[in-house]
Amino acid sequence: MAFVYERDPQAIYRQSYATIEAEADLAALPQTLRPVAIRMIHACGMTDLPGNMAWRGDPIGAARQALAAGATILCDAQMVASGIIKRFFPSTDIRCDINAPGLADLAVKLGTTRSAAAVEMWRDVLAGSVAVIGNAPTALFHLIEMIESGGPKPAAIFGFPVGFVGAAESKDALIAADLGVPCLTLSGRRGGSAIAAAAINALSSEELRGNL
Ligand SMILES: C/C1=C2N=C(/C=C3N=C(/C(C)=C4\N[C@@](C)([C@@H]5N=C1[C@](C)(CCC(=O)O)[C@H]5CC(=O)O)[C@@](C)(CC(=O)O)[C@@H]4CCC(=O)O)[C@@](C)(CC(=O)O)[C@@H]\3CCC(=O)O)C(C)(C)[C@@H]/2CCC(=O)O
């Protein structure tokens, strides 16, 4: 049986993006956030996502500026790092420490998850970086705690933990905290590595030129 389906990658993207623009209400978002919202929706199929978007400052401008200056992208999960399209960021270091040697011991010592302990490992590289949390609520909580207690500040935070335990609370805490760091998040349970990676992919100039 031969199925009839779209096989042209550019046509698939065009059709997806046209559907999103037709179905999603982007009017309440600043212009800079609209391409990011579209790419995030593209990753999860939820056209009502803009209603959950919350931000402080200009996370897109801050992250783009930082990346142009050579900032590292720090990811909580390997799934986030893997979802970032490397050819969009050819000279950017994309780092995830979830499998770093000694991390499990550090997590036990700190009495926390591996995800939060991995954030502790960012201390030396956090200043001026782009921090992306796509999975672990404890990672976002710990990042906020580190910055609030005088730790180094990233250039921007993209916080999208997902799930039922601590996800909504960690993202509420990000928006409530006065960290002096531009940030983008999604209120509630929604989030995940794919959405986080999509938000970062939307920052690239390739994406802006529509070169998908
Ligand atoms: C409690 C955890 C949750 N994980 C979720 C969803 C998914 N996690 C996946 C995978 C493969 C991984 N999750 C870990 C980050 C692992 N998940 C946790 C922790 C126990 C604690 C995090 C937290 O609460 O903050 C965490 C382990 C830790 O000690 O930090 C992972 C590192 C586990 C591992 O054994 O390696 C691993 C990430 C690997 C990587 O990418 O590098 C899932 C694919 C599901 C699965 O197969 O387990 C899925 C992916 C979701 C996504 O889009 O990223 C939740 C829902 C976030 C959940 C937290 C709260 C809850 O509701 O239970």
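Above this text you will find the structure in question.
Residues numbered from 1 in each chain as written. Predicted model: local features only at pLDDT ≥ 70, side-chain atom pairs only at ≥ 80, totals over all residues. Heavy atoms only, no water.

## Quick notes on the environment of L29
(1) Moving on: Here L29 lies in the loop between α1 (9-23) and α2 (34-44).
(2) Moving on: Leaving out residues up to four positions away in the same chain, L29 has contacts with R34, A37, P50, M53 and W55. (Helix = DSSP H or I, 4+ residues; strand = E, 2+ residues; numbered from the N terminus. Contact = heavy atoms within 4.5 Å.)

## Structural notes on the nonpolar core
(1) Moving on: M40, V130, F158, F160 and I200 are the most contacted members of the largest nonpolar core, which has 50 residues in total.
(2) Moving on: Membership of the second largest hydrophobic core comes to 19 residues, among which are W122, I133, L140 and L179. (Core = buried A, V, L, I, M, F, W, Y, C linked by side-chain atoms within 4.5 Å. Buried < 20%, exposed > 50% of the residue type's maximum accessible area, 1.4 Å probe, protein only.)

## Quick notes on a nonpolar patch on the surface
(1) Moving on: The grouping of M1, F3 and Y5 at the surface amounts to a nonpolar patch, some 460 Å² of accessible area in total.
(2) Moving on: Looking at where F3 falls in the secondary structure, it is placed in the segment before α1.
(3) Moving on: Residue classification places F3 among the exposed positions, given a relative accessible area of 56%. (Patch = residues over 30% accessible without salt bridge, like charges linked within 9 Å, V, L, I, M, F, W, Y side chains within 5 Å. Areas by Shrake-Rupley, 256 points an atom, 1.4 Å probe, with all protein chains shown as cover. Salt bridge = Lys/Arg side-chain N within 4 Å of Asp/Glu carboxyl O.)

## Considerations on the site of the ligand
(1) Moving on: Near the ligand lie 18 residues; those nearest to it are Q78, S115, T138, F164 and S193.
(2) Moving on: In the model, an oxygen atom of the ligand is placed 3.0 Å from a nitrogen or oxygen of the N135 side chain.
(3) Moving on: One of the backbone nitrogen or oxygen atoms of V165 is found 3.3 Å away from an oxygen atom of the ligand.
(4) Moving on: When isolated, the ligand has an accessible area of 1,000 Å², and the protein chains bury 57% of it.
(5) Moving on: When contributions to the shell around the ligand are tallied by element, the ones reaching two or more residues are α4 (78-83), α6 (114-120) and α7 (137-148).
(6) Moving on: Classifying every residue of the shell around the ligand by side-chain character gives eight nonpolar, nine polar and one charged. (Near = heavy atom within 4 Å. Polar contact = N/O pair within 3.5 Å; in protein donor to acceptor, adjacent residues only side chain to side chain. Nonpolar A, V, L, I, M, F, W, Y, C, P; charged D, E, K, R; others polar.)

## Focus: the packing of α2 against helix α9 (residues 193-201)
(1) Moving on: Between α2 and α9, the least distance of the axes is 8 Å, while the angle of their chain directions is 145 degrees. Crossing of α2 over α9 shows right-handed handedness. Across the interface between the two elements, V36, R39, M40, A43 and C44 of α2 pack against A194, I195, A198, A199 and N201 of α9.
(2) Moving on: Along the lines of polarity and charge, the residues of the contact of α2 with α9 split into eight nonpolar, one polar and one charged. (Axes fitted to C-alpha atoms, helices over the stretch in contact; angles between N-to-C directions. Left-handed = near helix turned anticlockwise from the far one by under 90°.)

## Quick notes on the environment of A68
(1) Moving on: With respect to the helices and strands, the residue A68 is situated in helix α3 (residues 59-68).
(2) Moving on: It is 23 Å that separates the C-alpha atoms of A68 and S193, two residues lying 125 residues apart in sequence.

## Focus on the packing of α7 against helix α8 (residues 167-176)
(1) Moving on: In the contact formed by α7 and α8, the axes pass within 8 Å of each other and the chain directions differ by 25 degrees. With respect to each other, α7 and α8 are oriented roughly parallel. For the pair α7 and α8, the crossing hand works out as left-handed. Of the residues in α8, those in contact with P137, L140, F141 and I144 of α7 are A167, E169, S170, K171, A173 and L174.
(2) Moving on: Partitioning the contact of α7 with α8 into residue classes produces seven nonpolar, one polar and two charged. (Parallel < 35°, antiparallel > 145°, perpendicular 65-115°, else oblique.)

## Remarks on the state of the cysteines
(1) Moving on: Going through the model one piece at a time under the given rule, you end up with zero disulfides.
(2) Moving on: Its sulfur unpaired, C75 is 6.4 Å from the next cysteine sulfur, which belongs to C96.
(3) Moving on: According to the relative accessible area criterion, C75 is buried, its value standing at 1%.
(4) Moving on: Residue C96 is classed as buried on the basis of its relative accessible area of 17%. (Disulfide = S-S within 2.5 Å.)

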